[in-house]
Amino acid sequence: MNSTVTRSISGLVFLVVMIGSLLGGKFFFLPLFLFIQAQMMKEYYQITLGNKHVAVRNAAIAVAILSFGLVFVTTGTVDPALPVKYLGITLLLFVGLLMYMVVNHQDFKEYAYVLAGLLYIGLPVALSPFVVSTGSGYSGLLMLAFFIIIWSSDVGAYCFGMLFGQKLWPAKMCPEISPKKSWAGFFGGWLTVLLAAYILLKTGMIAFPVVHVLVMASLMHITGVFGDLYESLWKRQFGVKDSGNIMPGHGGLLDRFDSALFAIPTAYVYLVLFELV
């Protein structure tokens, strides 16, 4: 099958699954995001550690899943701080367990990679139930809006980069990390994000003041680019092109969610700081 067709079909399936799970209710959201969390951590550890420290890696993934579950079942309860309390206790207990499991002190750096994967991937995903929790229960609209903004950033950056980043404005952002990223793509993605955010506002998917919507979307674009560059730097460090092959033509799940790991927490914290959620 032609690689473009394969990539298109794979991308379409991804969109259908994501949109369907977010709009289908919390019992569609829960298994999908648990799978995403575990698979991304698995990809991260496979590239970073190869076949080393399997038991410790599996323990970290289990802790991430447990943390997600605790946040999921306690979000929206009488004590709004309860999910964070459980999450903090769980992570602290794992750090203690990790120190206990260190047999050879020469492996300490590799154990640090295990903890880094938990903080880089496990923690942001474990906090995602906050985004879909409302006073009346579950709603995936805000999370879907976040993903639409992130996807708009990616599409806009690609299109503007191809149209203007080759000859008209070939200046590269970080050629040592990601040679294909151009400033034309960056600013084109930013314009696309602002347009997408405004459309989301007008269609009622998000209902915040327009200034906050545009600022939030801008922060998501910028931090999403940081997330993409961070993953590119990490993969370059270990000499790999894709984090996995679970999505034909697209790579691994970490390749698909690298921007979201930075952008979605940024957006939600912004909304919390301005008491909009």
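Here we summarise the structure given alongside this text. The numbering scheme is per chain: residues are counted from 1 as the chain's sequence reads. Totals for whole chains, interfaces and linings use all residues, but because this is a predicted model, local features are given only for residues with pLDDT of at least 70 and pairs of side-chain atoms are given and counted only at 80 or more. As a rule here, side-chain values cover all heavy atoms of the structure and leave hydrogens and water aside.

A look at the overall build of the protein
Part 1 of the reasoning: In this text, helices come from DSSP runs of H or I with a minimum length of four residues, and strands from runs of E with a minimum of two, each type numbered from the N-terminal end. A tally of helices and strands in the protein yields 10 helices and 2 strands.
Part 2 of the reasoning: Across the protein, helices and strands are ordered from the amino to the carboxyl terminus as α-α-α-α-α-α-β-β-α-α-α-α.
Part 3 of the reasoning: Any two residues whose heavy atoms approach within 4.5 Å are treated as being in contact. Counted over contacts in the protein with a minimum sequence separation of 6, partners at least 24 positions apart contribute 70%.
Part 4 of the reasoning: To be clear on the numbers: accessible area is Shrake-Rupley with a 1.4 Å probe, and residue cover counts the displayed protein chains and nothing else. Element-wise, carbon and sulfur atoms account for 70% of the exposed surface of the protein, whose accessible area totals about 14200 Å².

Points about the environment of Gly165
Part 1 of the reasoning: Residue position: Gly165 is located in the loop between helix H7 (141-164) and helix H8 (183-203).
Part 2 of the reasoning: Remark: exposure states derive from per-residue accessible area (1.4 Å probe, protein chains only) relative to the maximum for the residue type, with buried under 20%, exposed over 50%, and partly exposed in between. Accessibility expressed as a relative area gives 2% for Gly165, which makes it buried.
Part 3 of the reasoning: Excluding its chain neighbours within four sequence positions, the residues that come into contact with Gly165 are Phe160, Pro170, Lys172, Ser182 and Ala184.

Considering the side chain of Ser67
Part 1 of the reasoning: Mapped onto the secondary structure, Ser67 falls in helix H3 (residues 54-74).
Part 2 of the reasoning: Overall, the relative accessible area of 2% leaves Ser67 in the buried class.
Part 3 of the reasoning: Two N or O atoms form a polar contact when they lie within 3.5 Å of each other; inside protein one atom must be a possible hydrogen donor and the other a possible acceptor, and for residues adjacent in sequence the pair counts only when both atoms belong to side chains. From its side chain, Ser67 meets the backbone oxygen of Val63 in a polar contact 2.8 Å long.

Let's talk about the pattern of salt bridges
Part 1 of the reasoning: Here a salt bridge means any side-chain nitrogen of Lys or Arg lying within 4 Å of a carboxyl oxygen belonging to Asp or Glu. Here the structure, examined in full by the defined rule, presents 5 salt bridges.
Part 2 of the reasoning: Note that Lys181 and Asp228 form a salt bridge whose closest N and O atoms lie 2.9 Å from each other. Taken together, the residues Lys181 in the loop between H7 and H8 and Asp228 in helix H9 (residues 210-238) connect sequence positions 47 residues apart.
Part 3 of the reasoning: Judged by relative accessible area, Asp228 falls into the buried class, the value being 18%.
Part 4 of the reasoning: Here Lys235 makes a salt bridge to Glu231, at a shortest N to O gap of 3.8 Å. Remark: Glu231 and Lys235 occur in helix H9; sequence separation between them is 4 residues, near one turn of the helix. Both residues of the pair, Lys235 and Glu231, belong to the buried class.
Part 5 of the reasoning: Each of Glu231, Lys235 and Asp255 takes part in salt bridges that share partners, so that together they form one network.

What about the packing of helix H2 (residues 26-49) against helix H5 (residues 108-126)?
To describe two helices that pack against each other, one gives the angle between their axes and the distance between the axes.
Part 1 of the reasoning: The axes used here are C-alpha line fits, helices contributing only the stretch in contact, and every angle between their N-to-C directions lies in the interval 0 to 180 degrees. Where H2 meets H5, the closest approach of the two axes is 10 Å, and the angle between their N-to-C directions is 155°. If you check the angle between H2 and H5, you find them roughly antiparallel. Handedness of the H2/H5 crossing: right-handed. Note on element contacts: H5 touches H2 through Glu110, Tyr113, Val114, Ala116, Gly117, Leu118, Tyr120, Ile121, Gly122, Val125 and Ala126, opposite Phe33, Gln37, Met40, Met41, Tyr44, Tyr45, Thr48 and Leu49. The scheme is simple: roughly parallel for angles under 35 degrees, roughly antiparallel for over 145, roughly perpendicular for 65 to 115, oblique for anything else. The handedness criterion is simple: a crossing whose near helix is rotated anticlockwise from the far helix by less than a right angle is left-handed, and one whose near helix is rotated clockwise is right-handed.

Looking at the nonpolar core
Part 1 of the reasoning: Within the largest apolar cluster, 68 residues are counted, with the highest numbers of intra-cluster contacts made by Phe33 and Phe147.
Part 2 of the reasoning: For this core, the element with the most residues is H2, which contributes 12 residues.
Part 3 of the reasoning: Once you skip the residues sitting within four places of it in the chain, Phe33 turns out to touch Met18, Leu22, Phe68, Val125, Ser128, Met143 and Phe147. Here, the term nonpolar core denotes a set of buried Ala, Val, Leu, Ile, Met, Phe, Trp, Tyr and Cys residues that are joined through side-chain atoms within 4.5 Å.

Here's the deal with unusual backbone geometry
Part 1 of the reasoning: Even without glycine at this site, His53 takes up a positive phi of about 55°.
Part 2 of the reasoning: Following the sequence through the fold, His53 ends up in the loop between H2 and H3.
Part 3 of the reasoning: Even without a glycine there, the phi angle at Glu275 is positive, about 55°.
Part 4 of the reasoning: With respect to the helices and strands, Glu275 occurs in the segment after helix H10 (253-273).

Some remarks on H9
Part 1 of the reasoning: Between the first and last C-alpha of H9 there are 42 Å, a value that for 29 residues agrees with the 42 Å anticipated at 1.5 Å per step.
Part 2 of the reasoning: Residue Gly239 follows H9 closely and has a positive phi angle near 70°. By definition here, a helix of n residues has an expected span of 1.5 Å times n minus one.

Re a nonpolar patch on the surface
Part 1 of the reasoning: On the surface, Leu163, Phe164, Leu168, Trp169, Trp183 and Phe187 cluster together into a nonpolar patch covering about 630 Å² of accessible area.
Part 2 of the reasoning: Elements with a minimum of two residues in the nonpolar patch: H7 and H8.
Part 3 of the reasoning: Inspection of the secondary structure assignment puts Phe164 in helix H7.
Part 4 of the reasoning: On the accessibility criterion, Phe164 (34% relative accessible area) is partly exposed. Patch membership needs two things, relative accessible area over 30% and no salt bridge, and members are linked within 9 Å if like-charged or within 5 Å if nonpolar (Val, Leu, Ile, Met, Phe, Trp, Tyr).

Description of the environment of Ile9
Part 1 of the reasoning: By secondary structure assignment, the location of Ile9 is in helix H1 (residues 3-24).
Part 2 of the reasoning: What makes Ile9 partly exposed here is its relative accessible area of 44%.
Part 3 of the reasoning: Separated by 239 residues in the primary sequence, Ile9 and Pro248 place their C-alpha atoms 8.8 Å from one another.

Worth remembering: the numbers are spatial, not functional.
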